[in-house]
Each structure stands twice: as structure tokens, then as C-alpha cells.
Amino acid sequence: MISQAAKILSAVGIVMLLFSCSAKKITSDFYYEHQTVLEEIEQSYKKLNEQRPFSLAFTDKDFRTASLEIITDTLSYIYDLGVHSQALNDTLHKYHFNVEGVNHLVDLMVGLRCTWVNNFDYYVDERKRTLILISIKPVGLHPILSYKKYYILTFFSQPQHFDEKGRLLDKRRLRRLRKINGEVFQRINDKVCYTISGQFR
Amino acid sequence: MPAFARKAPVVDPSATSTQQQAIDFIDKITSLEPSVHWPNIKPKLFLENLKVNAHNQLSPYPGRGTNFCGYGAITYMILREDPLGYIKMLLKLYSEGKADYGRSSFDPSQEVKLAAGTFHFKGILDIHPAEQMWYLTLADHFKGYLNIFNRRYDQGDEDTFWASVNYAKFNRMVRKLLNYDVEAKGSDLIRPHTGGTYEYISEKLKTGVLVLYLNNRILHKKKLEKIKLAVPTHFVVLQDISRVDDTITMVYWDYGGKTLLQINSHFLHKIVFGISHCTKKVAHD
């Protein structure tokens, strides 16, 4: 009886271990499988955001509604608008966006089930730095019973520091982990990191 | 003094000042000495932070990913009401390690004093140590039921229940810190009965400062799930509200600036859990 219980417990342990390992692997694999599109999303957002600061999210599972946050010096505007709707195009025109460019970004994001793209300010030695944060809700495998369902990728402008386990470190205190929104990030390359999170922003 | 007597105000809570008075005062200060009480605060950044607050009353920024938004809303209200008092109080807290404001005396813990000035990845709050100090002090001082299981600050607790603000605690803070009467409708779990959310809010906005307690998980989705936790988490200070057909346009202060949001009346009803109507106390002879 005891040995049977031990076998069941071992089996459960192995399954849990497999899932916990696969989650990490899936994310770095995901990046390399979709590297071209991810980099296009990052570059096109970066360019559009320099012209007019904004963030773009999708607020429904079917990716039919885009939540557009337009950031100006005096006010931030938040609009929930249908993808490729006239209302979205009218709004983009009104705020002098590159309409074609934003619509192309929308298509890229929908194609990859990318839930959010955003510019993130942070400070190192009192100097402002920015990174681009992309959240993805992937289809397919993710750990059963896991609440973590989103892949979060960060694109830094400068190479970052990592520990021997590939975890993102705080530059100023090299042994301290650098958490973003409470999450520890793992290295993909010098400038790109990932984490798996329960929230996309 | 009898044991049941109410504690006398520490600082005159009816004191008010103008933005120009605050600017004139802080702009004359060109440097500060390091504080022995707040070892991780850089004096230059501290002074710059106070100047930013004085020149731009929308500027309080409670930080990305923190639970400081209730303290940010209070700070914005104080900056509108008494910016000079706010700045003098923060200077005293910085130099002496303790200070009074309204009907509260602040004597922050050693853990909090070590944490101020060390935040990272919180947006511009990273370089605003005066606000770090103030939000940590408020969270350390005011406690509600959400803080029961985590009452002592540990590193990173600005993101946890240690810093959370429930609705009753927020209203208590307003009464303690500002010379306001607060008419509060709503709660942490049940939406207020107003007979018409838009009508009630727009009517009350005409006669006072209006703070809305919102379910940010619906307003600003973080998960694409059908079932969303019906618990509010966000305080905003309403500036304007209008309606055309069923489109409601709200302008409110949150996170260091103004936000304009367009929603319909059903959605407004869904996200509003608390409406605090704050009016200045009338002096009686």
C-alpha cells in the first residue's frame, strides 16, 4: 500500500517537473520560432511610438477589440475600438498616427496572439532608460493547473547582466535580481528576456 | 484630559495654501543635507521631487506595479488643498524622521526608513524619493483589514497586501489628513446603490472633490478571462464627467497625470464600487 502511494507520488512529481521545465523551454523556443515577427512588432512599435507615444492591448479572447492608449503631455486617452473598424481609423487620423503602420502592427499582433505592446520607463544611475514589453497569449501547451498563461518578452536597448542561471540582474548591485512587475526574467540573448506570468500587464 | 476625549489636532487641518506659496518656498531652497534617518535618499533627488510636486500638482506617481494608488490619490488631494503644508511636512519628516500632518503623527519604522530611495522599475517613482518616503510612511501608519497578515515592511512589500488600501481605510485617511467631510457610498465588495451611477456622480461632482473606487481588473484588463474578480483595486480623483447618448466620457487623475476614458453607462456601473464625496468642513462659531 505504501509502495503504491510512493509510486503515485513519484509519478505526480515527474509530471510536475516535466511541466515546470517545459514552460521555460517553450518560451525561449517560442522566441526563436517567431523571432522575425517578434522583432518586426518591436521595431514597428518602437518607430510608431517615437512619432506619437501609445500602447496597444487586446481586451478580448478573440482579438477583435483593441484598447488604444494615446499618451500626450496633458492627457492620456483610452479607447476600446474594433480591429480594422472605421472608428479605429478615425481615431488614428484624429491623433495624427501613421494609420497604415498601426494597422499593420495590429495585424502582426493578432497573428501572434500578442496581447499587449508597451514602452516601459526605468532608471539606472538616475538616467532614464526604456524597454519594450510584449505580452503573448500562446495557443497550445502550458502547464496544467498553472495560473501563468502569458509569455512576457522584454526588449532592452542596452545589453543586460545575468547570473549563472540566466536570471536578469540589477546592474547597480550585480547580485540582486532585477524584477519587473514582480517577475524574475530569464535571458534569451543580451538584450531580450522572458518570463511566464499570470497577467499580461 | 479625560481618557475618552478626542485627540486634539496635531496640525491645524483647516490650513490651506496656494501653489504659488509652495513654489516660492521650495524654489528658495538650493540644497539639502543628507538625512541620518533616511540613509538611502539622495538629497538632490529629494529636493527635485519636491519641486516637481510644487510646480505640477498632477505629478504624484504611486509607481508601476505597487499598491500605492490610494496614497497617490490622497497626495494629489493634499497638493491641491495645501501644497505648502505638504512640502514643509515632507521636509520635516526627512530631516527629523517624524512629522505631523492633519490629525496624524507619523513616526515611520526603521524598515521603511531603509527602503525609501531604493525602488527600481517603478517608473518615475524610481527617482522620486520624497514620494517613496511619503507613500511608505502612509502605508506604515494607516492599517486596514487587508493589512492584518502583513503589518511589518519587508523588501518588496510595496507590491503586496502590506501596502493595500481598502475603501474604509481610504476614507479614514482623507478624514485624518484633510479638513474634509466625506460622504462615502459603496464598499469593497458591493457596488453602491445610487439610483443611477452617472446621475449621482455628475451631481456630486458639482459640490466637492470626488474620488472613485474602481475595479481596475475590469477597467484595465490584465487577464483575458470571462470570470473576473469583482474586487476594486484602484482610486482615481474625478475631474470631469459628461454623457452623449450612452457614451460617458470621464476625465480623472491617476498615476501622475490625467486620463480620459470613454465607456457606456452599464460599464460605469460595473466598475464603480465606491464614491467618496469630499467637501470642506464648515467652520462654526
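Computed from a predicted model, the values in this text were never measured in an experiment. (Residues numbered from 1 in each chain as written. Chains lettered and ligands numbered in written order. Predicted model: local features only at pLDDT ≥ 70, side-chain atom pairs only at ≥ 80, totals over all residues.)

### Things to note about helix α3 (residues 69–81) of chain B
Residue and element names in this part refer to chain B. The end-to-end C-alpha distance of α3, which contains 13 residues, comes to 19 Å, matching closely the 18 Å that a straight helix rising 1.5 Å per residue would cover. Within α3, twelve of the 13 residues are buried, leaving the element largely enclosed by the surrounding structure. Among all positions of α3, only C69, G70, Y71, G72, A73, I74, T75, Y76, M77, I78, L79 and E81 are buried. (Helix = DSSP H or I, 4+ residues; strand = E, 2+ residues; numbered from the N terminus. Expected span 1.5 Å × (residues − 1). Buried ≥ 20, exposed ≤ 12 C-beta atoms within 10 Å, placed from the backbone.)

### Remarks on the domain arrangement of chain A
Residues and elements named next belong to chain A. Domain parsing of chain A yields domain 1 (1–33 + 117–201) and domain 2 (34–112). Counting residues at the interface gives 13 residues for domain 1, matched by 14 residues for domain 2. When residues in the side of domain 1 that touches domain 2 are grouped by element, the largest group, four residues, is from helix α1 (residues 2–33). Within the side of domain 1 that touches domain 2, the residues separate by chemical class into nine nonpolar, two polar and two charged. (Domains from an automatic or database assignment. Contact = placed C-beta atoms within 7 Å. Nonpolar A, V, L, I, M, F, W, Y, C, P; charged D, E, K, R; others polar.)

### A few points about the interface of chain B and chain A
Of the residues lining the interface, 18 residues belong to chain B; the matching set on chain A comes to 24 residues. Of the residues belonging to the side of chain B that touches chain A, the class tally is six nonpolar, six polar and six charged. One ladder, built from four bridges, connects strand β3 (residues 75–82) of chain A with strand β7 (residues 257–264) of chain B; its direction is parallel. Opposite I78 of chain A, over in β7 of chain B, you have L261 of chain B as the bridge partner. (Pairing = 2+ DSSP bridges.)

### As for the environment of L261 of chain B
By the element assignment, L261 of chain B lies in strand β7. Discounting residues that sit within four places of it in the chain, L261 of chain B has contacts with I78 of chain A together with M250 of chain B.

### Digging into the confidence of the model for chain B
Residues and elements named next belong to chain B. Mean pLDDT over chain B stands at 90; residues scoring 70 or higher make up 88%. Ignoring residues within four places in sequence, the model shows residues 1–9, a span with pLDDT below 50, making two contacts including any to other chains. Prediction confidence for the complex, expressed as pTM and ipTM, is 0.87 and 0.82 respectively. (pLDDT = per-residue confidence, 0-100.)

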